[in-house]
Amino acid sequence: MAAASAAYDDFITALGDPRVTEVEDDVYAEPEAQVRVVEVDAADGGGCVIAVPPALQKPIAKTALFKLKAAGGVGGAGDELVRLMLLINPEWSPGWIKFQRAIAAAAGEEQVRRAGALLRFSTLLLHRHPKSHEGWKTRRWLTQRCPGAAAAVARDTEIDLALHCCGAYYRNYYAWGYLIELVTEAGVPAAEHEALLARVRTWAQERPSDHSALVFLETLAERVLEADGADVAAVLGRAAAFAEELLDRRPTHESIWSHLRWLTLQESARLARPPAARLSTALAYLTRPAPKDALLMKEHAEVALSAGRYCRWVLAHLPSGATSPPQLPAALRAEVEAHLPVVRVGV
């Protein structure tokens, strides 16, 4: 009991260190090791990390629960105890609400101090729990509606945090949703749109099945296309090159074919261009010879099925004789229609 209480006190003290940016498992710690604060090299971002031996995590949690009960619940608990409880369970909404109400009730410098402290703690918690719904909900409140937090919020820092959490937890739609709100509501300056597009495309190339990342790219590209003086052909040309590269790498991922549908609609609506190039790409996947290796047959069938779905979708959106959206070349339409039955029979 004494060891657990000492570990709890060490953790509370470490949480009060303003240099701390993360909490990590000290997996290589000796059995008798204690909670410690470790400085991070400047090359890795600087700051400090709270290193917690796994053997102490349960005793610390039990001590925190005992103290919370003794305090009569969240209302009587101190800020340090509430922070620790949130690190244990980031979806514990009463803890977040307590901090929000305290900020709303404060004024002047005290309000700014409390808002800044919660912003720093939110960063620490999201590094520990990158897909916490309540964590991102509070972050959204802090950056968009919190009184006193405006001076401490930096857009580039928010983008870096969200992208870090997207990488730490695959398909992190809470973090991607936060990024989309930064672009659409907080407003990323037009001059930065292309740089952010390039950055996220590089990120998505290594994670092509992350549909949320592609939705973010689509949302940001639409903002670029709607800006005054936008070079629509150039923007969509870069989007097309990116989509083709993704398909070439991972043609089995349905999220990429969904992205190709978005691109097809944009080209048809903004350039009055029939999707002949996109359809030709899909037709190439649809008509690839079947591999001799039985292990590759499943992937071949999946690709053909996805390509066939895309082709049917295009033909359904561009009926014969239509003038808007633009018509497909008759020969290409006939070739696609001739190959579609093969997919229905073979898959």
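None of these values were measured; they are calculated from a predicted model. (Residues numbered from 1 in each chain as written. Predicted model: local features only at pLDDT ≥ 70, side-chain atom pairs only at ≥ 80, totals over all residues. Heavy atoms only, no water.)

Chemist: Explain the overall build of the protein chain to me, please; I cannot follow it from the model alone.
Modeler: Secondary structure summary: the protein chain contains 15 helices and three strands in total. In terms of C-alpha radius of gyration, the protein chain reaches 26 Å, well past the compact-globule figure of 20 Å for 347 residues. Projected onto its principal axes, the C-alpha coordinates of the protein chain cover approximately 80 × 50 × 40 Å. In the protein chain, which comprises 347 residues, the share counted as buried stands at 44%. Only carbon and sulfur atoms are counted for the fraction: they give 55% of the accessible area of the protein chain, which is about 17200 Å². (Helix = DSSP H or I, 4+ residues; strand = E, 2+ residues; numbered from the N terminus. Rg over C-alpha atoms; globule rule 2.2 N^0.38 Å. Buried < 20%, exposed > 50% of the residue type's maximum accessible area, 1.4 Å probe, protein only. Areas by Shrake-Rupley, 256 points an atom, 1.4 Å probe, with all protein chains shown as cover.)

Chemist: Before we go on, may I ask you to explain the packing of aromatic side chains in this structure?
Modeler: Centre distance and the angle of the planes are the two values used to describe a pair of aromatic rings. Scanning all chains against the criterion turns up eight aromatic pairs. Centroid distance W96 to F121: 5.9 Å. Interplanar angle 45 degrees. Geometry classified as tilted. In this pair, W96 is assigned in helix α4 (residues 93-105) and F121 in helix α5 (residues 108-128), connecting sequence segments 25 residues apart. One aromatic cluster in this structure is built from W257, Y285, Y310 and W313. Looking at R207, its charged tip hangs above the ring of W203, at a distance of 4.1 Å from the centre. (Phe/Tyr/Trp six-rings, centres within 6.5 Å; stacked < 30°, edge-to-face > 60°. Lys NZ or Arg CZ within 6 Å of the ring centre and 35° of its normal.)

Chemist: Just checking my understanding: could you explain the pattern of salt bridges for this structure?
Modeler: Once their charged atoms are close, side chains differing in charge can pair, the charge on each being opposite to the other. Per the stated rule, a full pass over the model turns up 18 salt bridges. The partner of R139 in a salt bridge is E158, with the nearest N and O atoms 2.7 Å apart. With R139 in helix α6 (residues 133-144) and E158 in helix α7 (residues 155-168), this residue pair connects regions lying 19 residues apart in the sequence. E158 matches R139 in its accessibility class, with the two residues each being buried. Among the ionic pairs, R261 bridges to E254, the shortest N-O distance being 3.4 Å. (Salt bridge = Lys/Arg side-chain N within 4 Å of Asp/Glu carboxyl O.)

Chemist: Mind showing me how you'd approach the packing of helix α10 (residues 211-226) against helix α12 (residues 254-271) here?
Modeler: Any two packed helices are characterised by the angle at which their axes cross and by the distance between the axes. The N-to-C vectors of α10 and α12 enclose an angle of 15 degrees; their axes lie 9 Å apart at closest approach. Between α10 and α12, the interaxial angle falls into the category roughly parallel. Crossing of α10 against α12: the hand is right-handed. Together, H211, L214, E218, A221, E222, L225 and E226 of α10 and S255, I256, S258, H259, W262, Q266 and R270 of α12 make up the contact between the two elements. (Axes fitted to C-alpha atoms, helices over the stretch in contact; angles between N-to-C directions. Parallel < 35°, antiparallel > 145°, perpendicular 65-115°, else oblique. Left-handed = near helix turned anticlockwise from the far one by under 90°. Contact = heavy atoms within 4.5 Å.)

Chemist: Got a minute to help me understand the state of the cysteines in this structure?
Modeler: As used in these notes, a disulfide is a covalent bond between sulfur atoms, one from each of two cysteines. Taken as a whole and assessed by the stated rule, the structure comprises zero disulfides. Counting only cysteine sulfurs, C165 is the nearest neighbor of C48, a cysteine outside any disulfide, at a range of 20 Å. Accessibility expressed as a relative area gives 1% for C48, which makes it buried. Judged by its relative accessible area of 0%, C165 falls in the buried class. (Disulfide = S-S within 2.5 Å.)

Chemist: Honestly, helix α2 (residues 54-70) in this entry has me stumped. Any pointers?
Modeler: An α-helix turns once per 3.6 residues; consequently, residues spaced three or four apart project the same way. Taking 1.5 Å per residue, 17 residues should reach 24 Å; α2 reaches 25 Å between its end C-alpha atoms and fits that length. Within α2, the full set of buried residues consists of L56, I60, A61, T63, A64 and L68. Where α2 is buried, its residues contact α1 (2-15), β3 (48-52) and α3 (79-88). Phi for G72, located one or two positions after α2, is positive at around 85 degrees. (Expected span 1.5 Å × (residues − 1).)

Chemist: Would you mind going over the packing of α3 against α4 with me for this structure?
Modeler: Between α3 and α4, the least distance of the axes is 9 Å, while the angle of their chain directions is 140 degrees. The pairing of α3 with α4 is recorded here as oblique in orientation. Once α3 is placed against α4, the crossing between them reads as left-handed. In this structure, α3 contributes D79, V82, R83 and L86 to the contact, and α4 contributes G95, W96, K98 and F99. Of the residues that constitute the contact of α3 with α4, the class distribution is four nonpolar, one polar and three charged. (Nonpolar A, V, L, I, M, F, W, Y, C, P; charged D, E, K, R; others polar.)

Chemist: Please explain the sheet that holds strand β1 (residues 20-25) as it appears in this structure.
Modeler: Across a sheet, strands are paired by hydrogen bonds formed along the backbone, either parallel or antiparallel in direction. The mixed open sheet is built from three strands, whose spatial order is β1-β3-β2. Each edge of the open sheet carries a strand with a single partner, namely β1 and β2 (36-39). Across the sheet, the mean angle separating the axes of adjacent strands is 30 degrees when strand polarity is ignored. (Pairing = 2+ DSSP bridges.)

Chemist: Help me out: how do you make sense of unusual backbone geometry in this one?
Modeler: For residues besides glycine, phi is generally negative; the peptide bonds are generally trans as well. With phi around 55 degrees, R171 is a residue other than glycine that occupies positive phi space. Turning to its location among the elements, R171 is positioned in the loop between α7 and α8 (173-187). Its identity as a non-glycine residue notwithstanding, A272 has a phi of 50 degrees, on the positive side. With respect to the helices and strands, the residue A272 is situated in the loop between α12 and α13 (276-286). Residue classification places A272 among the exposed residues on the basis of a relative accessible area of 52%.

By themselves, these observations are geometric and do not establish any function.
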